Every structure is written in structure tokens, then in C-alpha cells.
Amino acid sequence: MNPTITAFKNSPDRGKGLARDMPVRWALEEVGQPYDVRLLSFDEMKEAAHRALQPFGQIPTYEEGDLALFESGAIVFHIAERHAGLLPDDANARARAITWMFAALGTVEPPIVERSMAALLEREKSWYEERQPILEDRLRDRLSDLSRRLGDVRWLEGEFSAGDLLMVAVLRRLKGSGVLEDYPNLSAYVARGEARPAFKRAFDDQLAVFIASSGG
């Protein structure tokens, strides 16, 4: 039986591949695991049936037999542990790849999300202009650190891993902002991730849902 994930019926990312089911789709494609998708409206996400799987009323969730998981990072970790291809066999390399998974979601993503949410929700507030340089500096500090660490290598720890998958997914949130272009090696890193056949399949599947929901 294929695992089932949940995703937006009408994604707010408008087909850009930024919704949280994207890294889960990508991970499943990387390991060659077929999966089913259950689409949810915003109202359905808040109903008791879905909250039993995802207590915060969000997507994605992952169901496989009697196992139910939530949080995209935890789901990607589970997939990487269950299937070959996303974590190295060597114990030390595996531990480093897992560290990058945590770094992507716990260190690099927060300033990206905080900056974008401030622009979306606080632009009319009196403190917005004063706060914006602080958010910008915090984000650029993180990106500069990551850029130095990546250097001129293709992937963070030798071969592509779940750490790269989540890091690329996080950095893609900066596309169109003009920020990522200031870090050529990070831009190239993201482009390499997007060029992977598994990413393209995941992106096309997610995009098809948006096109169908918008009547395209």
C-alpha cells in the first residue's frame, strides 16, 4: 500500500512549489516510492479528522499503515531512514547529513520566513521601516555563513542528501526577492537541486494541482 500525504486543494503559493508538501513529494520521488495525495481545503484542515493527524491544522501529513506523521522535516527524515538514497551509509557522514536537515529548518529558514512575513503582515505598522534592516541583516548573516560553508562544492556533504533537499527547499523561499542573487554559489546550489529529475516530477505534480484548482 502506498503512503498517503495531504496537500492544499488551493495552495496559497500559487504553483511556485513552496507549500510544505513539496519537500515530502521530492523525497518520495528521490527514493522511488509511489504515493497518494489527499487534497484538503482550508476548512477541512481545521476539522477534527485532520487535527487528529496534524494537531495544528496544517499540511502535510503522512500516513502509512498504522503510522501517521506530521511536520515536513520529520516526514522527510522518516522517508530517508526507510529508503536508500537520501542518507549516506557511513555513520559519520549520515550524522552530518542529518545535522544539515536540522540546520535548514532550525537555523536558515527562520530568518527567511520572518522577513517575508514582516513584509506581508507588518508593512503598514509604524515600526516596519525600523525593523526591516534588522531582519535583512539577520538573514544575510545566515546566508553568508552558509555560502562560506558551501564554497565551490556541489552538495553540503559530498553526495546529495536529505540535508541538501531541505536546504534547497528552504532557500527557494527567497526566489524573486533579489537576495539569493547576491550569493552566486547558493543560487547555483538551488539551481542544481531544481535540475534533479525527482524535483521536477514533484514540482510538476504540485503545479498540476494548482492549475486544476484554478481552472487552468
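Now for a look at the structure at hand.

Cut-offs used in this document
- Think of each chain on its own: its residues are numbered from 1, step by step along the sequence as written.
- Selection of residues for local features in this predicted model requires a pLDDT of at least 70, selection of side-chain atom pairs for listing and counting requires 80 or more, and totals for whole chains, interfaces and linings are taken over all residues.
- Hydrogens and water are ignored here; the side-chain numbers use all heavy atoms of the structure.
- Where helices and strands are cited, they refer to DSSP runs of H or I of at least four residues and of E of at least two residues respectively, numbered from the N terminus.
- Computation of the radius of gyration draws on C-alpha atoms, with the globule rule given as 2.2 Å multiplied by the number of residues to the power 0.38.
- Burial classification: accessible surface area is computed with a 1.4 Å probe over protein chains only, and a residue below 20% of its type maximum counts as buried, one above 50% as exposed, and the rest as partly exposed.
- Contacts are assigned to residue pairs that have any heavy atoms within 4.5 Å of one another.
- Residue exposure ignores everything except the shown protein chains as possible cover, and the areas themselves are Shrake-Rupley values with a 1.4 Å probe.
- All tallies of charge rest on Lys and Arg as positive and Asp and Glu as negative; His and the ends of each chain are not included.
- Note on charges: their place is set at NZ of Lys, CZ of Arg, CG of Asp or CD of Glu.
- A pocket, in this scheme, is an open set of points on a 1 Å grid over the protein atoms alone with protein on both sides within 12 Å along at least 5 of 7 lines, while a cavity is a set where a 1.4 Å probe fits but cannot get out; residues line either one if an atom lies within 4 Å of a point.
- Grid points are joined across faces, edges and corners, and a volume is the space filled by probe spheres set on the points.
- Basically, the charged four are Asp, Glu, Lys and Arg, the nonpolar ten are Ala, Val, Leu, Ile, Met, Phe, Trp, Tyr, Cys and Pro, and anything else, Gly included, counts as polar.

In terms of helices and strands, the protein carries nine helices and four strands. A compact globule built from 216 residues would reach a C-alpha radius of gyration of about 17 Å, and the protein, at 18 Å, matches this within 12%. Judged by the C-alpha coordinates and their principal axes, the protein covers about 50 × 45 × 30 Å. Here the protein holds 216 residues, and the buried ones make up 46% of them. A separation threshold of at least 6 residues defines the contact pool for the protein, and within that pool the share at least 24 residues apart is 67%. Looking at the protein as shown, the accessible area adds up to about 11,100 Å², and 53% of this sits on carbon and sulfur atoms. Of the charged side chains in the protein, 28 are positive and 34 negative; the average position of the first set lies 2 Å away from that of the second.

The next subject is empty space enclosed by the protein. Scanning the model with the defined rule gives two cavities of 30 Å³ or more in all. L18, P23, A169, V170 and R173 are the residues nearest the centre of the largest cavity, which is lined by 16 residues in total. Those elements giving two or more residues to the lining of the largest cavity turn out to be α1 (21-31), α5 (91-121) and α7 (162-171). Split into classes, the residues belonging to the lining of the largest cavity amount to 10 nonpolar, two polar and four charged. Estimates place the volume of the second largest cavity at around 70 Å³. Together, 13 residues line the second largest cavity, and F8, S11, Q206, V209 and F210 are the ones closest to its centre. Contributions of two or more residues to the lining of the second largest cavity are made by β1 (4-8), α1 and α9 (197-213). The greatest single-element share of the lining of the second largest cavity, amounting to four residues, is contributed by α9. Of the residues that constitute the lining of the second largest cavity, the class distribution is seven nonpolar, three polar and three charged.

Here we take up the layout of surface pockets. Of the volumes computed, that of the largest pocket is approximately 980 Å³. Around the largest pocket, the lining comprises 29 residues; the ones closest to its centre are D13, L18, A19, R20 and R173. Ranked by residue count, the leading element in the lining of the largest pocket is α5, at seven residues. Looking at the lining of the largest pocket residue by residue, the classes come out as 12 nonpolar, seven polar and 10 charged.

By themselves, these are just geometric observations and shouldn't be taken as functional.
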